Structure formats: C-alpha cells, structure tokens
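One-letter residues, chain by chain:
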Amino acid sequence: MSQPVVLIAEELSPATVEALGPDFAVRQVDGTDRPALLAALADADALLVRSATTVDAEAIAAAPRLQVVARAGVGLDNVDIPAATKAGVMVVNAPTSNIVSAAELAIGHLLALARHIPAAHASVKAGEWKRSAFTGVELYDKVVGIVGLGRIGTLVAQRLAAFGVTLVAYDPYVTPARAQQLGVGLLSLDELMRQSDFVTVHIPKTPETTGLIGDPEFAVAKPSLRIVNASRGGIIDEAALNRALSAGLIAGAALDVFVQEPPRDPALIAQPALQVTPHLGASTDEAQEKAGVAVARSVRLALGGELVPDAVNVAGGIIDPYVRPGIPLTEKLGQIFAALADGPIASLDVEVHGDLNDYDVKVLKLAALKGLFVRTLTENVSYVNAPLLAEERGVQVRLVTDPVSRDYRNVISLRGTTTGGDVHSVSGTLTGPKQIEKITEIDGYDVEVPIAQHHVVFTYTDRPGIVAQYGSAFGAAGVNIAAMQIARDEVGGTALSVLTIDSEAPAEVLDDIRAGIEASHFTAVDLVED
C-alpha cells in the first residue's frame, strides 16, 4: 500500500519534516507557481502552506484525495475554509505557535516608540549625533491600554506589569474577575483611548473590528499617545491614523500589519512619527519551528483518521482520552443505524449515558453523523463536512447526555426517525480491558454482540425451525455464521436475530431468507472501513 502524500508548498523548518516522520511520502512544490501547485495536488493527501500559497476552491477541487490543509502559522486568509469544509477537508493552523513572538514584538515597538530607537539609529548611521532630537519618555508610571485580552494580549499584560505601568484593557468578552487576576482594569474603548499613554492592539480582524480605531477614537486621545498594531491590518483605520499623525493628535504609532501588504499608501509610510516593520509578528526561529512542528503533528492525526484540536472547521474541540475510544464505536453505530433505517432520515438523537456525561462529548455527534452518511453518499464524508451534509438534507440532530446508564458504565445510543415515519435505534458500549466494541440494543431489543464488519439483523414471528432455515440457507451459499444472538419480546411474539457472518452475503441469498422466514424487517449491515 502506497504511503499518503504530504505536499509542502512553502519553505518550512527542517523540524517540520522530521515531525512528520517516515510514514508519508513528502513532496515539495512552489505554492506560488499555480500550474505546478494544481498538478501536484492531484494525488496529495495533505497540503502544508504558510501565507504565500492560495488554497481556494479551484485548488481544493484539483485535489480529490485531500484530507487536510495545514497552515504553519495563525492566520488563514489564504485558505477558502467554506470550500474546504464542503469538500470534507480539514483545515488546521498553529494558533499558539507565535504568541510569544507576537507579544515580544509589540513590546519592542512600544519601547522603540518611547525612545525613538529607529530614528536615532538611522541618524547615527547617517553620521549625525543629535541626542537632544531624540528625547523620549519612560513607560514607568504610564497608562498602557491593551485592546484585546486574548492569549497574546494576556502575555503582553504579564510582561508589561514588570515596567511599573497601570494596565487597562478593552475586551467585551473578558470578565472582570479574569481582568482582576491579570491586574488589568476594564474600560470602554472610548475611555481607554482617553486615558492611555500607550495603546497596543491584539484582537482578530472581523467585520466588527475592522476600523475599530478611527477618527472618533483619535479625537479623544492624549496628544502624547503612542499606539501599536501588531495584530491584523485594518483594525486601526489607516487613513484616520494618517490624519491623526499629520494633525499632531497623537505622538506616534507603530504598525507591523497593513490593510494591503506591502502597504500602498506612501503618505502614511512617510509619516515621521510612524514606525513600521514588514509583518514580523511570527518571524522568529522559535515561532517558525513551533508552527511547523505543530501542523506536522496535526497532519499525522488527520491522516490517521483522528480529530485535531487545532482544526478550525471541526466542532469537536479538544478530546479527552476517556472520550476518544467512543469515537470509532459511535461511527460504527451510525453506519448500523443507517442500514436499519434504509432510507432518508428526518431526525437523529445521539444519546450518551453514564460516566461520559462528565466530559465534553460533542465529537461523538460528529462521529455519528459521519457513520450515518458514509454508507449512503458517494461524495467524501468526514468529520468536517458531516454536519453540513446533515443540514443540507434537513436532518435534525441533537446531542443528549444522561449520567445514568442501567447495565454498563457507558452506553451510546442513536435514536431517530426516517422521513417515512419509521423509528429505529441502536446502542453500543465498550467492555473489558481491551475495550471491545459491542452492540447492546437494536430497536428496543437487548443484545450483546461484538461489532464485526458483517452483520445481518432481522425480526420475525418467534416459532420453531427458523434458525435451522436461515442456517441452512447461509451454509448452502458458503457464508459462515460466526456468532448469533436472539432476543424476543415474549414467547411466540416477535424475535430479533443478530448474526455475525464472515463475509458479505449475496443479495439473492438474503432475499430468499427474508421471504422464507417471513421477516418483518431485514437488514444487512456491511461496515465501510476508512
């Protein structure tokens, strides 16, 4: 069996390839060479990029085997996430790889603004010695405003505390208790701009945050304000910043990021009080290595069929080790449910009973949906696009948790209704030290059957001779019955048989058995393996 192909489209650290390990065929391509990229994607199972490679709908369509796109960094502006999701392709990044580097760059800009370091450096290099022209200010005893107290903003706050500053912040999503833990006072954006001597921006760019700091904010700022944006271009309105600097409304600014990169506003760049760097937030050896190693590990997980905590288009979140064994079990239960239903499904409840109730089990809903659709759809089905496939088909899906499990420590049940009104259910558990996957209930009948690749499930009127009848039919067809269990509601009532067979049974044999025993419901379950 050939190794999965991992395509690296940009220069990544040697540690990235090392972290991938020997299990993959690693290939290189220049991601900016569009024809070469599209050709190389034809047999790629994973694609690793940084920021220069555009991974759009065309690129994703050119990669029928693609399972994961990994961005060795934080931003995902160059990846079409909706197109990837629709195609069932996981998108991952390295959200924490550059947070220390970004925080340190912001602080470096604050200090350089306070002491005119870039201008003084250029002056001395030009042969001048103008000490009085570069008189600066101390950070000590100043008010520093932080816009955004996420991971990077928090690191900035922790580091700035040592400078003896008063820390204030604007972040509508942070609780007063959390801010108090950090030694930060929460303010409105207007008040932060009024009170601060320095401001540093650390929020994502969204429609709501684009242009967040503009003319009204600069109008209320102190003339001594120095502001830094090492977050995302456009959060500070560049035209408004140019006006504020020209009018002397603020003392200075530093930008590492721009609306367009490289920046195309020469008037802004020419401002004497503006300090600029070419998007260096993640440009450290450490950040690049962390990013490459992180996404390499994510690629290994994704190509191993596992969910990835850093996947941006999968709602599974971080998976506790106690929950993880339930994922393949639930996926198999989804396949069994789809076979029992034998038609379009209107609603599905994924029920989790027992100790698992104490954990985050959202991932089990994804696993159930993947199993539900993998049997019935010809398109690629993954944890990524399974919720979208359910939504497109009008399937109402609920996750229900319950601390009580009657017979086992944990039971996962799938209950649902077809569009024709039929109701079906299947339950399963993991038993013993080896965590054996077992079916524990089908359509209300209690059973205990280890899950295998091939099962036959049917109901019929309980009467003598039935077992001999279908046993003989399978034997004549050369299909071996490996195990069998029968449950019934009462003597002479309705019985349910679950057979484990060693190979897929021919359709005509199943039809003959169904007719011969006058089965009221008859299902062949042949599990699809990834």
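Source: prediction; values computed, not measured.

Participant: Honestly, the sheet that holds strand β7 (residues 166–170) in this entry has me stumped. Any pointers?
Facilitator: Within a sheet, each strand pairs with its neighbour through backbone hydrogen bonds, oriented either parallel or antiparallel. The strand order across the open sheet formed by seven strands is β8-β7-β6-β9-β10-β11-β12, and the pairing between neighbours is parallel. Looking at which strands have only one partner, the edges of the open sheet turn out to be β8 (185–186) and β12 (274–276). In this sheet, β7 lies alongside strand β6 (residues 143–147) in parallel orientation, the contact comprising five bridges. Looking across to β7, one finds that V144 is bridged to L167.

Participant: Before we go on, may I ask you to explain the environment of A39 in this structure?
Facilitator: Relative to the assigned elements, A39 resides in helix α2 (residues 34–40). Residue classification places A39 among the exposed positions, given a relative accessible area of 55%. For the pair A39 and Q485, spaced 446 residues apart in the sequence, the C-alpha separation amounts to 53 Å.

Participant: What's the story with the side chain of S101 in this structure? I'm lost.
Facilitator: Its place among the elements puts S101 in helix α5 (residues 99–115). Discounting chain neighbours no more than four positions away, the residues touching S101 are G281, T284 and A287.

Participant: What is the right way to read the pairing of strand β9 (residues 198–201) from this model?
Facilitator: Consecutive residues of a regular strand have side chains that alternate between opposite faces of the sheet. Burial of β9 is two-sided: the residues F198 and T200 facing one way and the residues V199 and V201 facing the other way are all buried. Alignment of β6 against β9, held across four bridges, turns out to be parallel. Looking at the pairing, V147 lines up with V201 of β9. Where β9 meets strand β10 (residues 226–229), four bridges bridge the pair, whose relative direction is parallel. Each bridged residue has a counterpart across the sheet, and for F198 the counterpart in β10 is R226.

Participant: Looking at this structure, how should I read helix α17 (residues 466–476)?
Facilitator: Every α-helix winds through 3.6 residues per turn, so residues three or four apart in the chain are directed the same way. All of the buried residues along α17 are I466, Y470 and F474. Projection of α17 onto a plane perpendicular to its axis shows the buried side chains occupying an angular sector of 55°, all on one side. Seen from the open side of α17, the exposed residues pointing more than 90 degrees away from its buried face are A468, G475 and A476. Tucked inside the fold, the buried residues of α17 contact β19 (454–461), β20 (481–488), β21 (494–501) and α18 (507–517).

Participant: Before we go on, may I ask you to explain the pattern of salt bridges in this structure?
Facilitator: Working definition: two side chains of opposite charge can pair if their charged atoms are close together. Tallied over the entire structure, the rule returns 23 salt bridges. Residue E58 pairs with R34 through a salt bridge whose shortest N-O separation is 2.8 Å. Residue E58 is found in helix α3 (residues 57–61), and its partner R34 is found in helix α2; the two are separated by 24 residues along the sequence.

Calculation criteria
Residues numbered from 1 in each chain as written. Predicted model: local features only at pLDDT ≥ 70, side-chain atom pairs only at ≥ 80, totals over all residues. Heavy atoms only, no water. Pairing = 2+ DSSP bridges. Helix = DSSP H or I, 4+ residues; strand = E, 2+ residues; numbered from the N terminus. Buried < 20%, exposed > 50% of the residue type's maximum accessible area, 1.4 Å probe, protein only. Contact = heavy atoms within 4.5 Å. Arc of directions from axis to C-beta. Salt bridge = Lys/Arg side-chain N within 4 Å of Asp/Glu carboxyl O.

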